[in-house]
Structure formats: C-alpha cells, structure tokens
Amino acid sequence: MCKRGCLFFVLSLLCIKSLHAFSFFPRMPHDSVRQESPAGLITGALLLGGGIVGLLSDHNYSRQQTSYFPHHSSMADNIIRWAPTAVRFGFRLAGLQGKSDWKRLLASHIATYSLNIGITETLKRSIRQTRPDGYDNRSTPSGHAALSFMSAAILDEEYGYISPLVTLGGYAVSTAVSFNRTLGNHHYPGDVLMGAGIGLLSAKVAYALSDKILKRDKPANDNAKPLYPSRPSHIGFFGGYKMAISNLHSSDGTPICLHPGIEAGLQGTWFPIRHIGISGRISEYHSVVRKNALPVNAWTDCLSTRGGLSCSLPLSTSTTINAHALAGYTVQTGGRNELRSLCVPTIEGITWETGISGNFLFREHLDLSFRIDYQAICGSQTLQTISPSIGLNFVF
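Attention here is on the structure that accompanies the text.

**Brief notes about the side chain of Ser250**
By secondary structure assignment, the location of Ser250 is in the loop between β2 (248-249) and β3 (255-258). Setting aside its immediate chain neighbours within four residues, Ser250 contacts Ile256, Leu342, Cys343 and Val344.

Rendered as structure tokens:
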C-alpha cells in the first residue's frame, strides 16, 4: 500500500509538471500579490465566535465520557490534516510557481505557525477543557482543525490562482477533518469551530502583516471586482452548528433533548432561468442525547437529502440574497440502538427545510454563503432544528 501511494504521488507530480510545461496552468509572477477581500477574516471571526458560543454550551458537559464509536480511529485525522500542505509541496516540486517569493514565504510562514501554535496552546493550557472521551484536558480548541484550516488557507493563498478547485479542495479536506474529530468523540462541536477560526485567522493575519512589513502593495490592475453571472449556478460544501428547538419524548413522556452538533454536507443550485433555481443538499448531522437535561450514553447520526426551489435576488454585482424551500428524507445512520434503549423512536422521516442566505463573490468563480435554515423532520415524532452555516461554492 505504501509503495502504491508513493508511485501515485510521483506520477501525479509528473502529470502536473507536464501540464505546466504546456501552459495549462496560469503563471503568476512573485510581484503579483493579490489584495484579498475581507471574506477570509469575516469567516474566521464567525467561526471563532461560534466556537466561543459552543464552549459556553459544551462546558456543562465537560465531564461526560461516552463511547459513541468505540472502534473509531483518529489515524485518518492525523494524516489527512496534512493533505493541503502535501499538495502545496507537490505543486512546488512539480515546478508550479506560488504567489510568494522566498522572503514573503518565509515571513508569512513564521508568522502563521507562530500565531496558530501560540494561540492554540495558550488556550488549551488556560481553558483546560476535558475531552468528551475523558482522555485529557486539552480539548479546547481543536489543534487538528486549527492546523488543517491554516494549511488550507496557505494553499489558497499560494496556489488558489491555479483553479477555484484548489481552494475548494483544501477547505473541503479541512471541514472533513474537523467533522471527523467530533465523530471520534475527541472534541466538542465548539472546539472544532474555534480551532477552524484560529487556523483561518492566523494565516490571513500573518500574510497581511508580512505584506505590511515587506511593504508589498497590490498591483495596479487588481482593482476589478469579480461579477456574478446573470444566473449564478453553483456547487460546493458547507458546515454549520445545528441546534434542536424541540424535544423528543420517550414512551413514558420523559423529554429527550439533542445537544447542538456539527452538520456538514454538499449543496448546489442550478438556475435554468434568472432568479429561480433548483437546489439540492445532502448532509450528515451528529449530536449527543440528553435525558432530563443530563447527558446519557447515547448519540444520533442522521443523513439527510433534500431538494426544491431557490430564488436569488442580486444586491450588487458581487452580493446576492437567496431563499429556498426544500423537501426530502432523513434517515438515522447511527445510534439507533441507543435511542431504542431510551424508549425513543428513531429519527427519520420526511424532511422540510426553508432558509435564507447571503452570498458574496470574493473571487472569480468562488463565493461564500452565510445562511440560516429551519428544518423539520416529520417521523414518529417531529424534530425541529435551526442551523446557521457557512458554505464555499464554485460558481459557474
């Protein structure tokens, strides 16, 4: 397996090198430093704020020790979190030129890693939050989430000019790593949100400081703003913080609550006509169960697919506001036996969703969506949720 992996990596480098030689990839000179929009800083601040809210909510359950996935391994997290860094070095080995010369690269990397490690370790030692699995008291914030989002931000900064898919891929991997840390019971949802915010802000602030120190200005031709197409179809992924606003009930009438959890998934909208589109979403949601306001050894994992109509109203050439109404079905993919032990029916049934979002095109073919959704899962009992989320989309 290791030999096959090494062979695949070498062949990938040769393929990239060949494409580069025939000018399939654009070339960016070192003095062409793009002035980034504030989208990264805003997203990082929102993730950090969500992590703080999550910390206040999760603190009451810091002593909970459960075994949601006794055979879940964190080995994948330890490896995949380095994927954006590996891709970046692979591009460099293949001869693809990053945006930074060696001075900017050195200064920004020193600042990025110093901020990231310094803030993460300081908070871990100060907050001393016990992990959900009780392993140690270094739960908050998540170092895996901080490192993976920092690596994705650096990959985007250096090689995002190649294709929007580079940016999408880097942040998709980071989101997957963060979601998996909650599945493995290593972190609370607030831990990974805070870690993601720290990682993203560390990279963005470090590059901005490096440019100030090195007195790097944006090129004169970099003032043009990206424009949404008349029919802004898009496909991408999202991650959010899902909160139940209604309770389930056991057979004896005892209220069963779902603790706020992380939701992640894919989304897309196709606009056959202007302003009106067809939307689809698929997502996974993981949550801890509480009985009589106390945590119990139970959890839920739900997979939901839904589709429907979406409408888009442009506020400017790079900003839109969108609303959607979707219908689909939700199945519980994990924790079914645990719920049955509490005399609660499984969470599955017809699903209705409606919501509103604001989309911002921060770069050509790439936009950020900030949305809030209401969802009702109508099965044996009705579960209602509210979920704020952030998405990254490829616009075409």
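**A look at the environment of Ile162**
Following the sequence through the fold, Ile162 ends up in the loop between α6 (143-159) and α7 (164-183). Residue Ile162 is classed as buried on the basis of its relative accessible area, which comes to 11%. Considered as a pair, Ile162 and Gly98 are 64 residues apart in the sequence and their alpha carbons are 9.5 Å apart.

**Here's the deal with the packing of α6 against helix α8 (residues 189-213)**
Running from amino to carboxyl end, α6 crosses α8 at an angle of 35°, the nearest separation of the two axes being 7 Å. Considering the relative orientation of α6 and α8, their crossing is right-handed. Packed against α6, whose contacting residues are Ala145, Ala146, Phe149, Met150, Ala153, Ile154, Asp156, Glu157 and Glu158, the element α8 presents Val192, Gly195, Ala196, Gly199, Leu200, Ala203, Lys204 and Tyr207 at the interface.

**A look at unusual backbone geometry**
Looking along the chain, the bond that leaves Thr140 and enters Pro141 is cis, with omega of -5°. Despite not being glycine, Arg128 has its phi angle at roughly 55°, a positive value. With respect to the helices and strands, Arg128 occurs in the loop between α5 (102-127) and α6. At His365, a position not held by glycine, the phi torsion is positive, near 75°. Its location among the elements puts His365 in the loop between β8 (349-363) and β9 (366-378). Using a relative accessible area of 35% as the deciding quantity, one classes His365 as partly exposed.

What counts, and where the lines are drawn
Residues numbered from 1 in each chain as written. Predicted model: local features only at pLDDT ≥ 70, side-chain atom pairs only at ≥ 80, totals over all residues. Heavy atoms only, no water. Helix = DSSP H or I, 4+ residues; strand = E, 2+ residues; numbered from the N terminus. Contact = heavy atoms within 4.5 Å. Buried < 20%, exposed > 50% of the residue type's maximum accessible area, 1.4 Å probe, protein only. Axes fitted to C-alpha atoms, helices over the stretch in contact; angles between N-to-C directions. Left-handed = near helix turned anticlockwise from the far one by under 90°.

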